[in-house]
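# Coordinates in review
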Amino acid sequence: PAMKPFIFAHIAPLRITPGMGTPAQALRIARAEALGLVGGSFTAMARIRRVDTTRAAYANVNHTETELVFSTAEAAAEDYSRNGSLFLGVKANRMAMSFGKAACLADVSLPLEEWATVAWVYNAGAGEQRLYVNGRSIKTCMGVMPFQGFGKDIWVGKHNGQLSSWLGELNSLYLFPSMLTDDEVTSVFNFAPTWSMERQLIVNRNESAVQAG
């Protein structure tokens, strides 16, 4: 299938290493409502590579079990209680998706030191969250009310005011203001390059889309 219109894309690599004063790369995208994430269906995608934190090279890194790809980094306690806190990332080595108190958590761990293409899909009509790894649906969670983070900034690689909680590399980041089907999720990375040179973040005024890379 043809690639659906996206609202945000950042193709160029982000190398993120938290802790020890390291100037980790974190990227502010836009307000949640401008990205089509509030109250409706959406799809978030990324190509990720997580490093093995037991290696000696990372002995002094303040690493956590919670690794965010997309998030509302400044969400407060009241946002968490009303489905206004976005969490799209990895928790305890497993894919995770949450808008607040309840989390959709995969049953299997993600591999370390390997590239993986991942996706978080929300179907507002069905109240369904779905997680994908390498084009395959690995977890479905039902009965989830829509994300309500109106006015909240969406970030890549940032969590709870820290520079980053991600240890590894990210690229080919996409946000779609719609639910992608299984086939569409699988096909997106056929359109995306595996790497590119860093470029300035630009706004596509014709398509109301944000793009980088």
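For clarity, every value in this text was computed on a predicted model and none was experimentally measured.

### Section: the environment of Val-90
By the element assignment, Val-90 lies in strand β6 (residues 87–91). Remark: the alpha-carbon pair of Val-90 and Ala-106, spanning 16 residues in sequence, is separated by 9.3 Å.

### Here we look at the state of the cysteines
One pass over the structure, following the stated rule, counts 1 disulfide. Covalent S-S linkage joins Cys-104 and Cys-141, the inter-sulfur distance amounting to 2.1 Å. The sign of the 85 degrees torsion about the S-S bond sets the Cys-104-Cys-141 disulfide as right-handed. Taken together, the positions of Cys-104 in strand β8 (residues 103–109) and Cys-141 in strand β11 (residues 136–141) put the pair 37 residues apart, joining distant regions of the chain.

### Here's the deal with the sheet that holds strand β12 (residues 153–156)
The strand order β3-β12-β5-β6-β7-β8 describes an open sheet built from 6 strands, whose pairing is antiparallel. Each edge of the open sheet carries a strand with a single partner, namely β3 (27–31) and β8. Going across the sheet, the axis of each strand differs from the next one's by a mean of 25 degrees, ignoring polarity.

### A closer look at the confidence of the model for the chain
Confidence along the chain averages 80 in pLDDT terms, with 74% of residues attaining 70 or more. For the chain, the element scoring lowest by mean pLDDT is strand β14 (residues 202–204), at 35; strand β10 (residues 128–133) scores highest, at 96. Under a pLDDT of 50 for its full length, residues 19–23 has, in the predicted model, 5 contacts with residues more than four places off or in other chains.

### Looking at the pattern of salt bridges
Scanning the model with the defined rule gives 11 salt bridges in all. The partner of Arg-31 in a salt bridge is Asp-153, with the nearest N and O atoms 3.0 Å apart. Residue Arg-31 is located in strand β3, and its partner Asp-153 is located in strand β12; the two are separated by 122 residues in the primary sequence. Overlapping salt bridges bring together Arg-28, Arg-31 and Asp-153 as one network.

### With respect to the packing of aromatic side chains
This structure, assessed with the given rule, holds 8 aromatic pairs. Pairing Phe-6 with Tyr-174 gives two aromatic rings, centres 5.6 Å apart and planes at 65 degrees, and the pair type is edge-to-face. One end of the pair, Phe-6, is in the segment before β1 (8–10); the other, Tyr-174, is in strand β13 (residues 168–176), and 168 residues separate them in sequence. Looking at Phe-6, the relative accessible area reads 22%, which means it is partly exposed. Judged by centre distance (5.9 Å) and plane angle (25 degrees), the rings of Tyr-174 and Phe-176 are stacked. Among the aromatic side chains, those forming a connected cluster through ring pairs are Phe-42, Phe-99, Tyr-122 and Phe-147.

### Things to note about the pairing of strand β4 (residues 42–50)
Along β4, 9 of the 9 residues are buried, which leaves the element largely enclosed by surrounding structure. The alternating pattern of β4 places Phe-42, Ala-44, Ala-46, Ile-48 and Arg-50 and Thr-43, Met-45, Arg-47 and Arg-49 on opposite faces, both of which are buried. As paired strands, β4 and β13 are joined by 7 bridges and run antiparallel to one another. Note that in β13 the partner of Arg-47 across the bridge is Asn-171.

### Describing the environment of Asn-171
Mapped onto the elements, Asn-171 comes out in strand β13. Since its relative accessible area comes to 3%, Asn-171 is described here as buried. A sequence separation of 125 residues divides Asn-171 from Ala-46, and the C-alpha atoms of the two residues are 6.2 Å apart.

### Things to note about the environment of Glu-169
Within the element layout of this structure, Glu-169 appears in strand β13. A relative accessible area of 13% places Glu-169 in the buried class. When the C-alpha positions of Glu-169 and Gly-157 are compared, they lie 9.8 Å apart, and in sequence the two are 12 residues distant. Once you skip the residues sitting within four places of it in the chain, Glu-169 turns out to touch Leu-14, Arg-15, Arg-47, Ile-48, Arg-49 and Trp-115.

Thresholds applied
Each chain carries its own residue numbering, running from 1 in the written order of its sequence. Note on the predicted model: pLDDT of at least 70 is required for a residue's local features to be given, and 80 or more for side-chain atom pairs to be given and counted; whole-chain, interface and lining totals, by contrast, use all residues. Side-chain measures here rest on the full set of heavy atoms in the structure, leaving out hydrogens and waters. Secondary structure elements are defined from DSSP: runs of H or I of at least 4 residues count as helices, runs of E of at least 2 residues count as strands, and each element is numbered from the N terminus. The disulfide criterion used throughout: a pair of cysteine sulfur atoms within 2.5 Å. Between any two strands, at least two bridges found by DSSP are needed for them to pair. Throughout, an axis means a line fitted to C-alpha atoms (over the contacting stretch in the case of helices), and angles, computed between N-to-C directions, take values from 0 to 180 degrees. Each residue gets a pLDDT score, which is the predictor's confidence in that residue and runs from 0 to 100. Any two residues having at least one pair of non-hydrogen atoms within 4.5 Å are treated as being in contact. Salt bridges are counted wherever a side-chain nitrogen of Lys or Arg sits within 4 Å of a carboxyl oxygen of Asp or Glu. Pairing of aromatic side chains here covers Phe, Tyr and the six-membered ring of Trp, requires ring centres within 6.5 Å, and sorts the geometry by plane angle: under 30 degrees stacked, over 60 edge-to-face, intermediate tilted. Three labels apply to residues, based on accessible area from a 1.4 Å probe with only protein chains included: buried if under 20% of the type maximum, exposed if over 50%, partly exposed otherwise in between.

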